[in-house]
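Analysis of the macromolecular model
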Amino acid sequence: MILYTMMPHECIYPEDHQDSGLELVSWNGIPLFAEREENRYKVVRVLSTDPIHYLNNHIMPGQYISL
């Protein structure tokens, strides 16, 4: 099968994120991949399909959030 797409390889064939320490969390209904650090999370990737969510400064990759 040939896929003609501009999507990165990781999006089509996702890796298992269980080994990398990433957790799928939801912050105000926005799905995120985050690393747990004590009592807070460090945002690694925003998984939303809404472009407005990517403009939110509170959930930019590298920011810390608490749930």
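Here goes a summary of the coordinates provided. (Residues numbered from 1 in each chain as written. Predicted model: local features only at pLDDT ≥ 70, side-chain atom pairs only at ≥ 80, totals over all residues. Heavy atoms only, no water.)

So, a nonpolar patch on the surface
Using the following cut-off: The patches described consist of residues with a relative accessible area above 30% and no salt bridge, like charges being joined within 9 Å and nonpolar side chains (Val, Leu, Ile, Met, Phe, Trp, Tyr) within 5 Å. Here the accessible surface of atoms and residues is derived via Shrake-Rupley with a 1.4 Å probe, and residues count as covered only by protein chains that are part of the display. Should a side-chain nitrogen of Lys or Arg be within 4 Å of a carboxyl oxygen of Asp or Glu, the pair is scored as a salt bridge. Note on conventions: DSSP H or I runs of at least 4 residues are helices, E runs of at least 2 residues are strands, and numbering of each starts at the N terminus.
A cluster of nonpolar side chains, namely M1, L3 and Y13, defines an oily patch on the protein surface of about 410 Å² accessible area. Along the chain, the position of M1 falls in the segment before α1 (9-12).

Considering the nonpolar core
We count it as follows: Each nonpolar core is a collection of buried residues, namely Ala, Val, Leu, Ile, Met, Phe, Trp, Tyr and Cys, held together in the definition by side-chain atoms within 4.5 Å. The cut-offs for exposure are 20% and 50% of the maximum accessible area for each residue type, with area from a 1.4 Å probe on protein chains only; residues under the lower value are buried, those over the upper are exposed, and the others partly exposed. Whether two residues touch is decided by their heavy atoms; if any such pair falls within 4.5 Å, the residues are in contact.
By size, the foremost hydrophobic cluster in this structure holds ten residues: V25, W27, I30, L32, A34, Y41, V43, V46, I59 and I65. Every element with two or more residues in this core is listed here: β1 (22-27), β2 (30-37) and β3 (40-46). I65 has contacts with W27, L32, R40, Y41, V43, H58 and I59, leaving out every residue within four places of it along the chain.

Topic: unusual backbone geometry
For N28, which is not glycine, the phi torsion reads 50° and is therefore positive. Looking at where N28 falls in the secondary structure, it is placed in the loop between β1 and β2. On the accessibility criterion, N28 (67% relative accessible area) is exposed. Residues other than glycine seldom take positive phi values, yet E38 does so here, at roughly 55°. Note on placement: E38 falls in the loop between β2 and β3. Taking relative accessible area as the criterion, E38 reaches 73% and is therefore assigned exposed.

As for the packing of aromatic side chains
Just so we agree on the cut-off: Ring geometry is summarised as follows: Phe, Tyr and Trp rings, the Trp one being its six-membered ring, pair when their centres sit within 6.5 Å, and such pairs are stacked at plane angles under 30 degrees, edge-to-face over 60 and tilted between the two. By definition, being over a ring means that NZ of Lys or CZ of Arg is both within 6 Å of the ring centre and within 35 degrees of the ring normal.
Applying the stated criterion to the full structure yields zero aromatic pairs. A cation over an aromatic ring shows up here: R40 above the ring of Y64, its NZ or CZ 3.8 Å from the ring centre.

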